[in-house]
Amino acid sequence: MTPVVLIAEELAPSAIDVLAYDFDVRHVDGTDRPALLAAVAEADALIVRSATTVDAEVYAAGHSLKVVARAGVGLDNVDVVSATARGVMVVNAPTSNIVSAAEQAIALLLAVARNTASASRSLKSGEWKRARYTGVEVQGKTVGVVGLGRIGVLFAQRMASFGTRLIAYDPYIQPARAAQLGVRLVGLEELLRESDFISVHLPRTPETFGLIGEKELGMVKPGVRIVNAARGGLIDEQALAVALAEGRVAGAGLDVFVTEPTTESPLFAFDNVVVTPHLGASTAEAQDKAGLSVARSVKLALQGEFVPDAVNVQAGGVVDEDVRPMLSLAEKLGRVFTAVAGGVAASVTVEVRGEIVTHDVGVLKLAATKGLFASVVDERVTYVNAPQLAADRGVDVELTVSEEPCEHQNLVTVRGALPDGRRVSVSGTLTVTSTREISKLTHVDDFDLDLIADGVLLFFRYSDRPGVIGAIGTELGESGVNIAAMQVARREAGGEALMTLKLDSSIDAELLSAVAAAIGSARGSLVDLRSE
């Protein structure tokens, strides 16, 4: 059945085009609660903007939901906690508006420097008073950037072209990185004392709320102009009004307010204050980027791929292109491990060796964890709920990396201890051809293999002796099951052997037990890698 993508608010046509070919795209008015709850019952994905509330009731109605996407940055209208509990991925578009937001801050700074808004109002009212609106140049001035995140960096890069001296306060960035940007890191007090212009680019958190208040505004360089196009509440609005009235601050440009929407503020009384109603992301380009970004994320999620912009996935973020192909390998190894082990391990280590460890490979632990539980729980296992499933069952999953040479360019091993004391390990590598990437099993415990990790795989341990292969072939053949490939690994003739078979179709537990009994194996293990 074709997955259903439900769009609850207006989305750019280009974003809809990304989804239309592969999915059944449907529309609903997200503000019509009964209609939303009825429509989401059949949805695999839900895309919203800011007007649709996605809460526990929506998740309960959308029992098939795999992903909820917010075509924007904030997630105030999406209950992420409830989504995570149900294994539903939540994605947003964290970089869609960063250029627009940076440009809005620059627009406000220039408007304040040149008294643009008040001069415009004056002229439109019939006045021609040039002298009243004399401004200041930006060139040669010191611009203080509070927060060198993605938007702060874009703002700084653009302000550099004005011939400014850039300083910044950000306790979480290294001086070397700031130096690369042509910015000198300073403390907040030094920034306040030296800056002719200050622009704030921080998230609103308990630590940043009210960061620039009465005390800080008492330290500023006289005549400073302050811009906030980030989040309301970072600057104490009442304290700013006082500083403006006293002349310590020469002007301010504000796109955000502590309470929104707002139509009344003491700051509105000042001609040297330029205000806009939170327009930072309000460009056609930002809206299109947000829609395209989440559409691509939804497509990845419904195709079972890792989604970099998932906000409730451990190890979320950008995955290196060299690491991304190994996600499927790690997940398959987790599935094979559980099949061979015959149950859930008490502890598991995901070991990554080879050239790949020069990159961040933490996401491979997450992928392996997803595979570990794919066949042992009733609920759907996702990148979202896999860590919680492990925690709920007391399974400690660790990651180790090593650059030491091994027989393969890169090798991933999932090893662990079972409650009965047994130890199990499976290893695999990725072979890249001109047309595709092939996951291969290289070891099960200390048995060497060379088998493509896909399809239906059977594993049997038994005492090496003549007739075993024939017995297995007979049992499977009489049940109409075809063997596509087979490998036998052993340490020595007559010793313990491991047989691995690839089948064209799956088999039930009864036939699996019958085959194991026919060759004197304690048990057989089956893993169906087709159902990833």
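Residues numbered from 1 in each chain as written. Predicted model: local features only at pLDDT ≥ 70, side-chain atom pairs only at ≥ 80, totals over all residues. Heavy atoms only, no water.

A closer look at the overall build of the protein
On a plain count of helices and strands, the protein comes out with 17 helices and 22 strands. Computed over the C-alpha atoms, the radius of gyration of the protein is 30 Å, more than 25% above the 24 Å expected from 2.2 N^0.38 for a compact globule of 532 residues. In terms of principal-axis extent, the alpha carbons of the protein reach across some 105 × 55 × 40 Å. Classification of the 532 residues of the protein by burial places 50% in the buried group. For the protein, contacts bridging at least 24 residues in sequence account for 62% of all contacts bridging at least 6. A total accessible area of about 24,500 Å² is found for the protein, and carbon and sulfur atoms account for 50% of it. Between the centroid of the 48 positive side chains of the protein and the centroid of its 67 negative side chains there is a distance of 6 Å. (Helix = DSSP H or I, 4+ residues; strand = E, 2+ residues; numbered from the N terminus. Rg over C-alpha atoms; globule rule 2.2 N^0.38 Å. Buried < 20%, exposed > 50% of the residue type's maximum accessible area, 1.4 Å probe, protein only. Contact = heavy atoms within 4.5 Å. Areas by Shrake-Rupley, 256 points an atom, 1.4 Å probe, with all protein chains shown as cover. Lys, Arg positive; Asp, Glu negative; His and termini not counted. Charge placed at Lys NZ, Arg CZ, Asp CG, Glu CD.)

Focus on the environment of A284
Mapping A284 onto the fold places it in helix α12 (residues 284-302). A284 sits 272 residues away from A12 along the chain, and the two C-alpha atoms are 9.4 Å apart.

Things to note about the sheet that holds strand β5 (residues 89-91)
Paired through their backbone hydrogen bonds, the strands of a sheet run either parallel or antiparallel. Taken together, 5 strands build an open sheet; the order of strands is β2-β1-β3-β4-β5 and the sheet is parallel. Sheet topology places β2 (24-27) and β5 at the edges, where each strand pairs with a single neighbour. Between one strand axis and the next, the sheet turns through 20° on average, direction left out of account. Where strand β1 (residues 4-7) lies against β2, 4 bridges are found, and the strand directions are parallel. If you follow I7 over to β2, its bridge partner there is H27. Each of β1, β2 and β3 (45-48) is contacted by helix α1 (residues 13-20), which is oriented at about 140° to β2, the strand it contacts most. In this fold α12 packs onto β1, β3, β4 (67-70) and β5, with an angle of close to 170° to the strand it touches most, β4. (Pairing = 2+ DSSP bridges. Axes fitted to C-alpha atoms, helices over the stretch in contact; angles between N-to-C directions.)

Let's talk about the pattern of salt bridges
For the structure on display, the rule yields 23 salt bridges. Here E351 and R415 are joined by a salt bridge, their closest N and O atoms 3.8 Å apart. Linking E351 in strand β13 (residues 347-354) with R415 in strand β15 (residues 410-417), this pair joins segments that are 64 residues apart in sequence. A relative accessible area of 18% means that E351 is categorised as buried. The closest approach of N and O atoms between D450 and K440, which form a salt bridge, is 3.6 Å. Here K440 lies in strand β17 (residues 437-444) and D450 lies in strand β18 (residues 447-452), a separation of 10 residues in the sequence. Taking relative accessible area as the criterion, D450 reaches 49% and is therefore assigned partly exposed. The exposure class of K440 is partly exposed, given its relative accessible area of 23%. Each of R165, R184, E190 and E194 takes part in salt bridges that share partners, so that together they form one network. (Salt bridge = Lys/Arg side-chain N within 4 Å of Asp/Glu carboxyl O.)

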